[in-house]
Each structure stands twice: as structure tokens, then as C-alpha cells.
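Survey of secondary and tertiary structure
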Amino acid sequence: MPTKPTATQTWENMLLYHLEVDPNRLAEALPEPFQPSLFEGKAWLTTACFTCRSSSAVFFGRSLSLPVYEEVQVRTYLDYDGDPGLYMFSSDVSHRSVVKGARLTLKLPFYEASIERRRDTAYHVMSKRLTSDARFQAAFRPGTQRDTTTFADWAGNRSCMWKKTKNGVEKAVINPGGWDLYEAEAEVSSSGMYPFLAEDAFTGRSRVQFCPERVTHFYPFQRTR
């Protein structure tokens, strides 16, 4: 593993909205040779919404401090080559320079979006991608009970991110530290966020979690095969 991370971020007031999906349908949406990781025989797709603060990144040898921005990320779970990891389908970000930098250096599907966040008796997130009709809206309320379920351990125990390029499979190590997860409630509506799955791929089951703060370190992508 590289000794220095290429990015360090503090994620705040994170909603984790998990949707149970048919594993065969999700497998069809993933590039070969990836297969979805399963929890109790089902695959899961997660939309993560958070405010990114205290963010820094290395671009072409220069260390830069990044602005505060909002992010709405769609991802799933893989166990590939013996390493439990994440696969990103999309990441909507409210700051254009962050999107450009991530696309240039990480070669991941980042998109510029208009994202509004406010708080009253609940947290509210409203996201609209600028290049398509993809929308996500949620009102969520954290509970006081920590989430110590086996699902929380399964989904949170991910040490890397995977991607497929024309040159092969690449892995980026993630050194996130522990999750401080709470049970939560949410009302969610979306359209165009999951174009790689038909509506009948979703089983109708969902889970909601809240994380008040998490510091995450990302290391460079490296080719594995």
C-alpha cells in the first residue's frame, strides 16, 4: 500500500440509504469480472449523501485544500480477489472544480449537480444532476440508537474501492477508521439515479443509517491484473 493518501476527507451528517436488489440483475450491471457481494442472499445498493469538509487532495504532485461541498454517491459492494470493497456507479458533487479534478485523476463517474441541504426537525437533501434528469431528495431523522447489526458490519467493513478500466482491474485502498452509525428514518424520492437497473430489480426492502462524522483516507488506484 502507498505510504501517503492522495485525498483525506471529513464526511459530515451522512445519510446511508440502502436498497435491496436482485443479485442477478445487479451482476448484469457490473463490468466483468466483478460480482456483487451478498448479505443473506441479497445484493444491496447504497445512496450516500454527505457534506465534505476539511478536504485535501494531491493533484499532479501538488497538495490542494478543497472547498466545502455536498455529495450524493451511488455505490454497491464487491468481494473481489479476497478484498471486500466498494464499486461506484456515480457521484454527484456540488462543486465544478472537484468534479473536474476527480474525473481527470481518478477516472470515476463524477457529475456536477445542484445540491441543497438544510436542517429543521430533520435533515433535508435535494440533488439535481446538471447533465441529466437524475434527481434525489430525502428528509431523514437520526435516531439515538447505535446500529450494531450484522448488516452494519457487513456494509461498513470495506477496505478498498474497485474499478474496471480498458487496461484491467484497479484497486484503491481506503483507510477510513471506524464507523459511528446510528439507526435513522427517511422519506426518499428519486428518479434517474439508478439507470442501470430496471424497477423490478428492486425488492422493496430498504435500510437507513446515519453517520455524524467520518474521516476517510484514499490511496491511489493501482492495477491488480
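Here goes a summary of the coordinates provided. (Residues numbered from 1 in each chain as written. Predicted model: local features only at pLDDT ≥ 70, side-chain atom pairs only at ≥ 80, totals over all residues. Heavy atoms only, no water.)

1. A short note on the overall build of the chain
Secondary structure summary: the chain contains three helices and 12 strands in total. For the chain, the spread of C-alpha atoms along the principal axes amounts to about 45 × 40 × 35 Å. Across the 225 residues that make up the chain, the buried fraction comes to 48%. Contacts spanning at least 24 positions in sequence make up 69% of the contacts within the chain whose residues lie at least 6 apart. On the chain, the mean spot of the 28 positive side-chain charges and the mean spot of the 26 negative ones are 8 Å from each other. (Helix = DSSP H or I, 4+ residues; strand = E, 2+ residues; numbered from the N terminus. Buried < 20%, exposed > 50% of the residue type's maximum accessible area, 1.4 Å probe, protein only. Contact = heavy atoms within 4.5 Å. Lys, Arg positive; Asp, Glu negative; His and termini not counted. Charge placed at Lys NZ, Arg CZ, Asp CG, Glu CD.)

2. Focus: the nonpolar core
If you look at the biggest cluster of nonpolar residues, it comprises 34 residues, and the most contacted ones within it are Leu-15, Phe-34, Phe-136 and Tyr-194. Residues contacting Leu-15, with those up to four places away along its chain left out, are Thr-47, Ala-48, Cys-49, Phe-136, Ala-138, Phe-140, Ala-186, Val-208 and Gln-209. Membership of the second largest hydrophobic core comes to 30 residues, among which are Leu-16, Phe-39, Ala-48 and Phe-218. (Core = buried A, V, L, I, M, F, W, Y, C linked by side-chain atoms within 4.5 Å.)

3. Section: the pairing of strand 5 (residues 83-93)
Remark: a regular strand shows side chains that alternate across the two faces of the sheet. Within strand 5, nine of the 11 residues are buried, which leaves it mostly tucked inside the rest of the structure. Both strand 4 (residues 69-80) and strand 5 contribute to a ladder of 10 bridges, which runs antiparallel. Paired with Asp-79 across the two strands is Pro-84, which belongs to strand 5. With antiparallel pairing between neighbouring strands as the criterion, strand 4 and strand 5 make up a hairpin whose turn holds two residues, including Asp-81 at a positive phi of roughly 55 degrees. Sheet analysis places strand 5 next to strand 9 (residues 160-165), joined by three bridges and oriented parallel. Considered in strand 9, the bridge of Gly-85 is made with Cys-160. (Pairing = 2+ DSSP bridges.)

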